[in-house]
Amino acid sequence: MTKYWWKITAILCIVYAIIGGFFMPAPDDIGILAKTIRNLHFHVPMWFSMIILLSVSYVYSIRFLSKGNFKYDSLSSSFVKVSLLFGLMGLLTGSFWARFTWGTWWIEDAKLNGAAIGMLIYLAYYILRNSIEEDVQRAKITSVYNLFAFPIYIVLIIIYPRMAETSLHPASGDTIGFSSLDLDNNLRKVFYIASIGWILLGVWIGTLKFRITEITRKNEEL
Amino acid sequence: MGHEAMAQTNLDEFFYQEGKFYVVVAVLVIIFCILAAYLFRLDKKISKIEKEKNEA
């Protein structure tokens, strides 16, 4: 039971986010957004989850490089792979949201392009990892790659969009974030819990992937 | 300008109903489908490990 409490928390938080996202009051009258403002509880936490997974992966890349324990490398690579899953969900939900608010699936915008390039950086990690046959080299090269990739990713996804002059995406360039729209704190009541839920779900899937990777690695060692 | 006035295709017409509420539903469906597809991948990986274990 003690091992499962945070997984149960994840499920409860997401259930609350879905029910709350659909039925709790929200500012449904903001221009082209209308009720899609409720996507905040689903689209944004995907990116939070991706960033948290990549942070964990980054820490374990450093630990692998300093300690040389392959368990850390498995953890690091598993979390990167699961983070790509969340990035994909973030891109697709964002694209869909854009289609019915901005009227197009994709648009030249600092936030969107930054996120897309950020994804490509980690897709390259995935390809690099699969292309090296030798175990020790694969672990070392991809860990070093990760050391450089993560700071660039953060710059592309958070800092670069903020510095842009104009943007359509909320909280980047000249646009305001949801906090300025949420005058009654109705969104916050759901959003914070939703974020915790999706992040925990991401970590959960990450640990599942890690366990599978570890079993495979140990089987190969024998 | 009302949202309905901007609707140009059938797709727009559908998703602009009810204050674009179905967009939120669709977003959740997208998330669920990708998670489900990932479950299939994990399932396949576990089957592979089981198979290798039985052969050994």
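Residues numbered from 1 in each chain as written. Chains lettered and ligands numbered in written order. Predicted model: local features only at pLDDT ≥ 70, side-chain atom pairs only at ≥ 80, totals over all residues.

Engineer: Could you give me a rundown of the overall build of chain A, with the residues and numbers involved?
Structural biologist: Along its length, chain A carries seven helices and zero strands. Rg of the C-alpha trace for chain A: 19 Å, near the compact-globule value of 17 Å for 222 residues, within the 12% margin. Judged by the C-alpha coordinates and their principal axes, chain A covers about 60 × 45 × 25 Å. A total of 222 residues make up chain A; the buried ones form 41% of that total. The contacts of chain A with a sequence gap of at least 6 include a subset with a gap of at least 24, amounting to 73%. (Helix = DSSP H or I, 4+ residues; strand = E, 2+ residues; numbered from the N terminus. Rg over C-alpha atoms; globule rule 2.2 N^0.38 Å. Buried ≥ 20, exposed ≤ 12 C-beta atoms within 10 Å, placed from the backbone. Contact = placed C-beta atoms within 7 Å.)

Engineer: Tell me what's going on with the overall build of chain B, and back it up with residues and numbers.
Structural biologist: Broken down by element type, chain B carries three helices and zero strands. Written out in order from the N terminus, the α and β elements of chain B read α-α-α. Out of the 56 residues in chain B, the part that is buried amounts to 12%.

Engineer: Hey, could you go over the packing of helix α2 (residues 40-67) of chain A against helix α5 (residues 135-163) of chain A for me, with residue numbers and the actual values?
Structural biologist: Residue and element names in this part refer to chain A. Relative orientation of the contacting elements α2 and α5 amounts to 140°, with a least axis distance of 9 Å. Taken together, the axes of α2 and α5 are oblique relative to one another. The interaxial crossing formed by α2 with α5 has left-handed handedness. Judged by residue contacts, Leu54, Ser57, Tyr58, Ser61, Phe64 and Leu65 of α2 engage Ala139, Ser143, Asn146, Leu147, Phe150 and Tyr153 from α5. (Axes fitted to C-alpha atoms, helices over the stretch in contact; angles between N-to-C directions. Parallel < 35°, antiparallel > 145°, perpendicular 65-115°, else oblique. Left-handed = near helix turned anticlockwise from the far one by under 90°.)

Engineer: Quick rundown of the interface of chain A and chain B? Include the residues and the values.
Structural biologist: Between chain A and chain B, the residue contacts involve 23 residues of the former and 19 residues of the latter. Elements supplying a minimum of two residues to the side of chain A that touches chain B: α1 (5-23), α2, α3 (70-99) and α7 (186-221) of chain A. Considering each element in turn, the side of chain A that touches chain B owes the most residues, seven residues, to α3 of chain A. Grouping the constituent residues of the side of chain A that touches chain B by class yields 13 nonpolar, seven polar and three charged. (Nonpolar A, V, L, I, M, F, W, Y, C, P; charged D, E, K, R; others polar.)

Engineer: For unusual backbone geometry, give the residues involved together with the corresponding values.
Structural biologist: Despite not being glycine, Ala34 of chain A has its phi angle at roughly 45°, a positive value. Located in the positive-phi region is Glu18 of chain B, a residue other than glycine, with phi close to 50°. Of note, Glu18 of chain B is situated in the loop between α2 (10-15) and α3 (21-55).

Engineer: Quick one: what's the story with the environment of Val56 of chain A, residue by residue and with numbers?
Structural biologist: Residues and elements named next belong to chain A. When you line up the elements, Val56 lands in helix α2. Judged by the 19 C-beta atoms lying within 10 Å of it, Val56 falls in the partly exposed class. Taking the C-alpha atoms as reference points, Val56 and Ile196, separated by 140 residues in sequence, lie 15 Å from one another.

Engineer: Which residues make up the packing of α2 of chain A against α3 of chain A, and what values do they have?
Structural biologist: Residues and elements named next belong to chain A. Two numbers describe how α2 lies on α3: the axes approach to 8 Å, and their chain directions differ by 160°. As far as their axial angle goes, α3 and α2 are roughly antiparallel. Of the two elements, α2 crosses α3, and the hand of that crossing is left-handed. Along the lines of polarity and charge, the residues of the contact of α2 with α3 split into 17 nonpolar, ten polar and three charged.

Engineer: Give a description of the confidence of the model for chain B that names residues and reports values.
Structural biologist: Residues and elements named next belong to chain B. Averaged over chain B, the pLDDT score is 85; the fraction of residues at 70 or greater is 88%. The secondary-structure element of chain B with the lowest mean pLDDT is helix α1 (residues 3-6), recorded at 54, while α3 shows the highest, at 93. On the interface metric, ipTM, the complex scores 0.90, and its pTM is 0.92. (pLDDT = per-residue confidence, 0-100.)

Engineer: Describe α3 of chain A, listing the residues and the values that go with them.
Structural biologist: With 30 residues, α3 of chain A should reach 44 Å at 1.5 Å per residue; the first-to-last C-alpha distance of 44 Å fits that figure. Burial analysis of α3 of chain A places 21 of its 30 residues in the buried class, which makes it a mostly covered element. (Expected span 1.5 Å × (residues − 1).)

Engineer: I'd love a proper account of the environment of Leu123 of chain A, names of residues and values included.
Structural biologist: All names here are of chain A. For Leu123, the location among the structural elements is in helix α4 (residues 110-131). Accessibility expressed as a C-beta count within 10 Å gives 13 for Leu123, which makes it partly exposed. Linking Leu123 and Lys81, residues 42 residues apart in sequence, is a C-alpha distance of 8.7 Å.

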